[in-house]
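Coordinates in review
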Amino acid sequence: MMDANKARAGGHAAPHRGGRRAGLAALLGLLLLVVAAGTGLALTTRSGTSEQAAPSSTATGSGADMAADALRAPLPFDIPSTARLRDSEHLVFAHYFTPYPLSLDNRTADEDYYTRNYLDPAGEQGKHAAYGGLLRDRPQPVPSKTGDWQLADMEQEVRTAIGAGIDGFSVDLLSLSGPNWDRVRLLMRAAQAVDPGFRIMPMPDMTALHTDPATLAKALGELAASPNAYRLGDGRLVVSPFKAEAQSVDWWRQVMASLSGQHGTKTALVPLFLQFAAHAEEFAPISYGFSAWGSRSYNAQEHITADVELAHKLGKKWMQPVSVQDARPNQGIYDEAGNTETLRATWTHAIDDGADWVQLTTWNDYSETTQFAPSLHNGYTYLDLSSYYLTRFKTGDWPAVVRDTVYVTSRTQFAAATAGQRKPMTLRGGSAPARDTVEVLTFLAGSATVNATSGSLSRSYRADEGVHAELLPLRTGLATAAVVRDGRTTTKVTTHYQVTDSPEVQDMQYYGVTSGRVTQ
């Protein structure tokens, strides 16, 4: 597997093995789940304080009743059935990055590999100390299991994706042997066990694979044997190579010829480019569709319209990247995501510009902090938000907001804060300027008053029915938001992590919390 410090140009870094920081934070995160699940009454926050479980807008009681309501209705809208969503011609994939499964060693979260080696700046014998540790977040902790725990964990990830409305995973092929290849095979098994309709689209990673056409074709032929391998109605296997331009059109023709001639599998190629416009016409004769990796700052999305138009002009499908944020400690760069502005902007372009498919970039690449999957620091915040836009993308109609829900996002430190590490992250060229803001994103079933705080700063304002974003200056301490209608608080939420002006390590990700879930 590639070394953790080796970066993909414009793409992702292929890390060394799986990780996590701050054992105390991890343990408290696990205790949060245990306490809330056991009582349904209170949450012990990661800041060490307690708050009442956040109710949904339909809750009329308190305590266990409100907790139960929130568990039943985590989203502000009623998500359509899986069958209804799959009836759409618009597909949504999530980019699965094999180095970061739910667990790497089946140990408890306070002592597992993520805690000891990836989140801890001194982990892996100090190899990540210069940039404060490999990761700043990790998958939500899961309990240790008996039996085939790796398969069980993969099945859980498939179920989570299906529950969010996702059609399948585009799985990153970092290697054709070893642990990452084994996880690709395991993912195929897990998908088949959970739902034969959940698609797996192979994505050979051409920044990591150094192979020949026949060898790659053989590996793809093996994956094609799975009933969950994504095929078009005419039987062609869909293959979407990452940084396809790393190899020539003739090289890809050889892969496709070998797949057909030696393995009986015809191919629908959907190359993903880091420089789309420069290679679109060259690759058009061999391609079914096109994609790009995209930008991660909200101010750098206007090119999407032209990309979709070019793909369609050439008669190809377009798979639009949709992203949350991007912060890469080991590469020393980050993009200013503007709280949830990048997520909302990329989804809006996919909808308005007529994208055919979407790829969530990524499901679980924690080394780039791009994950949509439920995580220790963000819970389901970004996955739940994505499901709202996904529903519009797939059905053509905006879902009605039927439950008041609040999403609060902020960093836990100021952009200019220094943590003393030798290699801090700096803004990527072309990104929006760094900002220090708390965003209160409300989904309201009717107009209401929102009472929000950022540390010692308080603000009260009216928000209309539907979706509304309000920014507050970042202050030390916690942030809160409560929705009040007719004198009654319908939903509320408090962030889980204190904002500090003296952080231990630089952490440029936006942390998220939702009032829709009692546990994150």
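Our subject is the structure that appears above.
A brief report on the enclosed structure follows. (Residues numbered from 1 in each chain as written. Predicted model: local features only at pLDDT ≥ 70, side-chain atom pairs only at ≥ 80, totals over all residues. Heavy atoms only, no water.)

This part takes up the sheet that holds strand β22 (residues 511-514). In space, the four strands of this open sheet follow the order β19-β16-β14-β22, with antiparallel pairing throughout. Each edge of the open sheet carries a strand with a single partner, namely β19 (466-473) and β22. For this sheet the average axis-to-axis angle between neighbouring strands, irrespective of direction, equals 15°. Bridge count between strand β16 (residues 437-444) and β19: eight bridges; the pairing is antiparallel. Among the inter-strand pairings, Val440 is bridged to a residue of β19, identified as Glu470. Contacting β14 (405-410), β16, β19 and β22, helix α13 (residues 381-395) crosses the sheet at an angle of about 65° to β22. (Pairing = 2+ DSSP bridges. Helix = DSSP H or I, 4+ residues; strand = E, 2+ residues; numbered from the N terminus. Axes fitted to C-alpha atoms, helices over the stretch in contact; angles between N-to-C directions. Contact = heavy atoms within 4.5 Å.)

A few words on the sheet that holds strand β8 (residues 272-273). Strand order in the open sheet formed by seven strands is β5-β4-β3-β13-β10-β9-β8, and the pairing between neighbours is parallel. What marks the edges here is a single partner per strand, and that holds for β5 (199-204) and β8. Bridge count for strand β3 (residues 91-96) against strand β4 (residues 168-173) is four bridges, and the pairing is parallel. Bridge pairing in β4 links Tyr96 to Val171. Sitting on the sheet, helix α10 (residues 276-283) is in contact with β8, β9 (289-292) and β10 (317-322), with an inclination near 165° to β9. Running over the sheet, helix α11 (residues 303-313) touches β9 and β10 and is turned about 160° from β10.

Put simply, helix α12 (residues 341-352) and α13 touch, their axes get as near as 10 Å, and they point 15° apart. Of the possible angle classes, the one that applies to α12 and α13 is roughly parallel. The crossing of α12 and α13 is right-handed. On α13, the residues touching Leu343, Arg344, Trp347, Ala350 and Ile351 of α12 are Tyr382, Leu385, Ser386, Tyr389, Leu390, Arg392 and Phe393. Of the residues contributing to the contact of α12 with α13, the split by class is nine nonpolar, one polar and two charged. (Parallel < 35°, antiparallel > 145°, perpendicular 65-115°, else oblique. Left-handed = near helix turned anticlockwise from the far one by under 90°. Nonpolar A, V, L, I, M, F, W, Y, C, P; charged D, E, K, R; others polar.)

Oppositely charged side chains are able to pair whenever their charged atoms sit close together. Using the criterion set out here, one finds 24 salt bridges in the structure. Taking the shortest distance from any N to any O, the salt bridge between Asp153 and Lys145 comes out at 2.5 Å. Residue classification places Lys145 among the partly exposed residues on the basis of a relative accessible area of 22%. Taken together, the shared-partner salt bridges in this structure form one network comprising Arg296, Asp326, Arg328, Asp335, Glu368 and Arg428. (Salt bridge = Lys/Arg side-chain N within 4 Å of Asp/Glu carboxyl O. Buried < 20%, exposed > 50% of the residue type's maximum accessible area, 1.4 Å probe, protein only.)

With that settled, the discussion passes to the pairing of β3. Among the six residues that make up β3, six are buried, leaving the element largely enclosed by the rest of the structure. The alternating pattern of β3 places Leu91, Phe93 and His95 and Val92, Ala94 and Tyr96 on opposite faces, both of which are buried.

Counted according to the given criterion, the structure contains 28 aromatic pairs. With centroids separated by 6.3 Å and ring planes inclined at 85°, the aromatic side chains of Tyr100 and Tyr118 adopt a geometry described as edge-to-face. Here Tyr100, found in the loop between β3 and α4 (113-118), pairs with Tyr118, found in helix α4; they are 18 residues apart in sequence, far enough to count as distant. Exposure remark for Tyr118: the relative accessible area of 0% places this residue in the buried category. Their ring planes at 70° and their centres at 6.4 Å tell us that Tyr114 and Tyr118 sit as a pair that is edge-to-face. You can see Tyr114 and its partner Tyr118 sitting in helix α4, four residues apart, about one turn around the helix. (Phe/Tyr/Trp six-rings, centres within 6.5 Å; stacked < 30°, edge-to-face > 60°.)

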